[in-house]
Amino acid sequence: MNIFQNIPPFDFHEVFVMPWTEFGDVFIWIFVMGFLVTAACGMLGSFIVWRQMALVGDAISHSVLPGIVVAFLLTQSRGTLPMFFGALVAGILTTTLIEFIHTKSRVKTDAALGIVFTTLFAIGVVLISMYGENVDLDTDCVLYGEIEYVSQDLTVSLFGLFDVPVQVARMGAVAFCVMLLIVFFYKQLLVSSFDPGLARSIGINPAIVHHGLMLLLSITVVSAFEAVGAILVIAMLIFPATTASMLSDRMPIILGLTVVISAISSLLGVHLALWLDVSTAGAMSVVVSTLFGLAWMFSPNRGLLVLAMRR
Amino acid sequence: METIPLETHDLTVAYGKKPVLYGVDVQVPKGKLIGIIGPNGAGKSTLIKAIMGVIPLTSGWVKIFDKPFKANAKRVGYVPQRETVDWDFPVSVMDVVLMGRYGRLGWFSRPGKKDREIARQSLDKVGMLPFADRQISNLSGGQQQRVFLARALAQQSDLYLMDEPFVGVDAATEAAIIAIMKELKEQGKTILVVHHDLPTAKKYFDMLLLLNMRVVAFGPTSEVFTNELLQKTYGGRLTILSEVADAIRTQ
Amino acid sequence: MMSVSCKTGYMNGYRFLIRFGLILTVLTLAANARAAKISDLESIEFGEQLVRFFSMEDELLRTVLLGSLCLGLCCGLLGSFIVVRKLSLVGDALSHAVLPGVAIGFIVAGHKDPLAIFIGAIVAGLAGTVLVNLIKSTTHIKEDSSLGMVLAGFYGLGIVLITMVQKASIGNKAGLDKFLFGQVAALSSKEVTIMAVITVLSLVVIGLFYKQFLVGSFDAAYSKALGIPAQFFHYLLMLLLAFAVVISLQAVGAVLVSAMLIIPASSAYLLTDRMHRMLILSCLFGMGSGAMGAFFSFLGPNLPTGPLMVIAASTVFAASFFLSPKHGLVSRWLRFRDRTRRIRNENTVKAIYHVREKNYFEGEGVDIDALAARLKETRKATLLRVKFLTDANLGDVKEVDGNKNIFLNPEGWLMACTVVRNHRLWELYLTNEAEFEADHVHEDAEKIEHMLGEETVRQLERLLDFPRKDPHGKLIPSLADLQRTLTHSPRKNEPSGYRMPHS
């Protein structure tokens, strides 16, 4: 067998032009959704990566699963609100449990993290398979997300001007909130990430900033989960931030770059998925990791190429 | 002719692009207790690690008893800084000291009766034999340092390299360690000690190696422990050197 | 004596590993001889399945169980090393990174060939670890982000490839989704053979090079200084880890492999202080969880094995987290409670001593109200205190002239003298040796008095040249007083054990 025979021939018109002219809304909404998810995760990710909590994001994205399942089993509805709160509680529970195990025993943080999220995830999977008939959740959705179906949902009217799919509107709100919060609390985030001691001495409580960030992370991950699935959320959290940090040293520029990177990866991702007929979230993360690869190689001040030439 | 325990030539180490040690040339004579003195960031620990090949040399070479380190690793005993290990690690005091014997064992062999006996003697020498079965996290700082010393003793080497053995230990331990070092010296062994406390340095060591990214002076304590040389080691003049190093790195 | 016990412990661990390897090999061969496809696991009857499981007559079942045991053993063994080296999340990154390798192995072989998939996965896994190190060494990016990037990047690629494979002509038969969550029932005998081979290999390698792995994990720089090729053994361990991850994929699934590496080892880590015991415990926990997972997934038609194994392992972890005799939360809480109680009793007897001292040790009982006044608390609180004291058999309460009085028995009085002695000696030490002001020492002595051991106290006494009075001019009960308290035999029907210091 050769799956390369199954790769459709690359046709620029078919891959890059037709979607915009022929598919219209469906395609645009997938792109917008992808952009919003990546941008929200990316901006937040800049701080997460800097504070060396990248894998906490991973842990939260996994433990969202049991939260959603339990919320469903309790409320018997697939409404957005119960799901959202279930997932949020699971996310907060994860960070609390990690902290608890780490502080109350000699198990180190990395092991505590690994123990907590895998256990919660396992519970989620078992619950799904036990109540599989009732829960309208499948493991595919958990892994790949279902960004492709984004526009099949209900739509809400935005300012009476145009109709937006509910999911997109929600993700947009989350992304907007993340941006606003980062802008408003930029100083606090910066100081407490850089030097907690200094932060405390000028009246900023680093613990509050930490927990606030965790909460925001949970909210973002939970909202993104539906679109890109559990594991790929972590790609969206880390890659834009690390790519941007290869290109610049200044936080405001890094934040701006993550948004640009999000737009590029979402755009190329949907086209790639369309061309190869594969999972959109998977394609997006392939694009975003390729972007990192390029930055790693060719970054003007710290790329491998530049380092090699200097030597 | 007696071979020289330790000889380095143009030993240079850089972390990434930043030079840490420049062209260190030393010939360490046998049977001396030598202190390596210098300010923070002078590359004292780096020198010791570079001698043992723990970090790679950028240039230069090291000879231990006239051979490369790898060929004579058995003849070098090492006491690393206490913070370098995780003291929650599930090993007992005895296990740690036995590690000192591992270098002498073949690839597949395990520590035998003789090795245990040597480990026990080493523990006894540092006064830690009653603690042999304790898990290492239940020890005080001084006791931890004694265990590391016992481990180095169990190596039964001819050249000892010790990285800050007096940091965070009680006075009794400090005195005990010094006594053991003197005893080793009497047996004709050579001991290099990274040290940061100037007043005691004068008291403890036969010879001093003043280091600040390069060798400022190396000789008998009475000759080297002078205001002028110490000023040169600790003084501000070398900031230019580190500025240049930073510039090289950022370029 | 001690060395003998050390040595046997060491050797036992070693022999245990080797012996276990042999047993496993034999079992695999046996299972292979009668291997068959496991496809009729559909029967739903609960009791029937239970009987089927425990009768062990089913070859398919034996294959599956053997696979789970191998998995648990292999993961437990290697997991111990990654947990103590704080590399737990490397296992996680590795397990996700192998996914594209699985897909590529499938593509190259053209069907689900275990060996091709195995090789592909190993290559991808190793590429992932190399990439993590490369990113770490050539950029400013920290370890956690590098791990996360490799994990997510490889996983994304893996998912793209798998969706492509599944959409290809024979994709429906691919069953590659089994690699995500695992289904032990789908294990073929060939796969179990690979699992057993890898498990035996890991046992042998760890058994042979135990000392190198031990010293390298404890202190890599020291291991280099000994002339041991630490780098080589690090990569050997990583290679074995990649093997372990890959053989576990089928049964546990990519997402949860790291759990089988981390959780049994962490449980063992909480239970013992010696590496060889930790290895054995971790292997046992791993095998136990593997068998439990296989068992429970056998009971229901739809239950995935991997998650059940993980839940079994987590249950063990929770148990050791709370109940471990030394490091467990409950046992630590119990010890804390005991200490608090002891300190409370010590404070009570000390107060009784003080009241008696104020009365020049006249009369043998102490009035509850006087005690309450001394302790500056309500009568009710004092009664409660006194009850703790009588419960601990340190004294009795008796009515004297209609008033409740507390009488200490010899043990209680000994405790009182010891505490007072500790307190006053410490105060004296602080004022004389550490040159504290006399009015600054009481608070400190209040804490220290409960912690000073007999050895330290005697040292203090010698150091202070056997003092009789504390900085406030009060008498210090001497060692002789304490000994007299102990040797004094009480006369009948008489409260006793009362001594006046230096009387």
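Quick look at the structure, then.

As for the overall build of chain C
At step 1: Tallying secondary structure elements over chain C gives 22 helices and three strands in all.
At step 2: In chain C, which comprises 503 residues, the proportion classed as buried is 57%.
At step 3: Summed over all atoms, the accessible surface of chain C reaches about 21,000 Å², with 61% contributed by carbon and sulfur.

Digging into the interface of chain B and chain C
At step 1: In this assembly, 40 residues from chain B lie in contact with 37 residues from chain C.
At step 2: Counting each side, the surface lost to burial between chain B and chain C is near 3,400 Å², with a carbon and sulfur contribution of 63%.
At step 3: Applying the counting criterion to the chain B and chain C interface returns two salt bridges.
At step 4: Between Asp95(B) and Arg274(C) there is a salt bridge whose closest N-O contact spans 2.7 Å.
At step 5: At the boundary of chain B with chain C, the tally comes to eleven residue pairs in polar contact (both at pLDDT 80 or more).
At step 6: Every element with two or more residues in the side of chain B that touches chain C is listed here: α2 (93-102), α3 (113-125) and α4 (141-154) of chain B.

Some words on helix α5 (residues 109-130) of chain A
At step 1: Taking 1.5 Å per residue, 22 residues should reach 32 Å; α5(A) reaches 32 Å between its end C-alpha atoms and fits that length.
At step 2: Where burial is concerned, most of α5(A) is hidden: 19 out of the 22 residues are buried.

Considerations on the packing of helix α3 (residues 59-84) of chain C against helix α13 (residues 257-271) of chain C
Residue and element names in this part refer to chain C.
At step 1: Here α3 crosses α13 at 70°, and the two axes come no closer than 7 Å. Our classification of the angle between α3 and α13 gives roughly perpendicular. As α3 runs across α13, the sense of the crossing is right-handed. Of α13, the residues touching α3 (which contributes Leu 71, Gly 72, Cys 75, Gly 76, Gly 79, Ser 80, Ile 82, Val 83 and Val 84) are Met 260, Leu 261, Ile 262, Ala 265, Ser 266 and Tyr 269.

Structural notes on the side chain of Arg51(A)
At step 1: Along the chain, Arg51(A) falls in the loop between α2 (25-50) and α3 (54-75).
At step 2: For the buried residue Arg51(A), which engages in no salt bridge, the nearest side chain bearing the opposite charge is Asp144(C), 10 Å off.
At step 3: Looking at Arg51(A), its side chain comes within polar contact range of the side chain of Ser193(A), at 3.1 Å.
At step 4: Apart from the residues within four sequence positions on either side, Arg51(A) is in contact with Leu189(A), Ser192(A), Ser193(A), Val209(A), His210(A) and Leu213(A).

Structural notes on the interface of chain C and chain A
At step 1: With 63 residues of chain C in contact, the opposing surface of chain A contributes 60 residues.
At step 2: With both chains or domains summed, chain C and chain A bury close to 5,200 Å², and 77% of this area falls on carbon and sulfur atoms.
At step 3: The partner of Asp273(C) in a salt bridge is Arg106(A), and the shortest N-O contact between them spans 3.0 Å.
At step 4: Linking chain C with chain A are twelve residue pairs in polar contact (both at pLDDT 80 or more).
At step 5: When residues in the side of chain C that touches chain A are grouped by element, the largest group, 18 residues, is from helix α7 (residues 143-167) of chain C.
At step 6: Looking at the side of chain C that touches chain A residue by residue, the classes come out as 39 nonpolar, 17 polar and seven charged.

Quick notes on the sheet that holds strand β6 (residues 159-163) of chain B
All names here are of chain B.
At step 1: Across the sheet, which stays open at both edges, the six strands sit in the order β5-β6-β7-β3-β8-β9 with mixed pairing between neighbours. Of all the strands in the sheet, just β5 (76-79) and β9 (215-220) have a single pairing partner and so form its edges. Adjacent strand axes in the sheet meet at a mean angle of 15°, parallel and antiparallel pairs treated alike.
At step 2: Pairing analysis gives four bridges linking strand β3 (residues 33-37) to strand β8 (residues 207-211), with the strands arranged parallel.

Let's talk about the pattern of salt bridges
At step 1: The full count for this structure, using the stated rule, is 16 salt bridges over all chains.
At step 2: For Asp369(C), the salt bridge identified is with Arg379(C), shortest N-O distance 3.1 Å. Within this pair, whereas Asp369(C) is found in helix α17 (residues 368-375), its partner Arg379(C) is found in helix α18 (residues 379-391), the two being separated by ten residues in sequence.
At step 3: Through salt bridges that share partners, Arg106(A), Asp273(C) and Lys326(C) make up one connected network.

Section: a nonpolar patch on the surface
At step 1: Taken together, Phe176(A), Met179(A), Leu180(A), Leu181(A), Val183(A), Phe184(A) and Phe185(A) make up a surface patch of nonpolar side chains, about 680 Å² in accessible area.
At step 2: Tracing the sequence through the fold places Phe184(A) in helix α7 (residues 166-184).

The rules behind these values
- Residues numbered from 1 in each chain as written.
- Chains lettered and ligands numbered in written order.
- Predicted model: local features only at pLDDT ≥ 70, side-chain atom pairs only at ≥ 80, totals over all residues.
- Heavy atoms only, no water.
- Helix = DSSP H or I, 4+ residues; strand = E, 2+ residues; numbered from the N terminus.
- Buried < 20%, exposed > 50% of the residue type's maximum accessible area, 1.4 Å probe, protein only.
- Areas by Shrake-Rupley, 256 points an atom, 1.4 Å probe, with all protein chains shown as cover.
- Contact = heavy atoms within 4.5 Å.
- Buried area = accessible area lost by both parts, 1.4 Å probe.
- Salt bridge = Lys/Arg side-chain N within 4 Å of Asp/Glu carboxyl O.
- Polar contact = N/O pair within 3.5 Å; in protein donor to acceptor, adjacent residues only side chain to side chain.
- Expected span 1.5 Å × (residues − 1).
- Axes fitted to C-alpha atoms, helices over the stretch in contact; angles between N-to-C directions.
- Parallel < 35°, antiparallel > 145°, perpendicular 65-115°, else oblique.
- Left-handed = near helix turned anticlockwise from the far one by under 90°.
- Lys, Arg positive; Asp, Glu negative; His and termini not counted.
- Nonpolar A, V, L, I, M, F, W, Y, C, P; charged D, E, K, R; others polar.
- Pairing = 2+ DSSP bridges.
- Patch = residues over 30% accessible without salt bridge, like charges linked within 9 Å, V, L, I, M, F, W, Y side chains within 5 Å.

Spatial relationships are all this shows, so hold off on functional conclusions.
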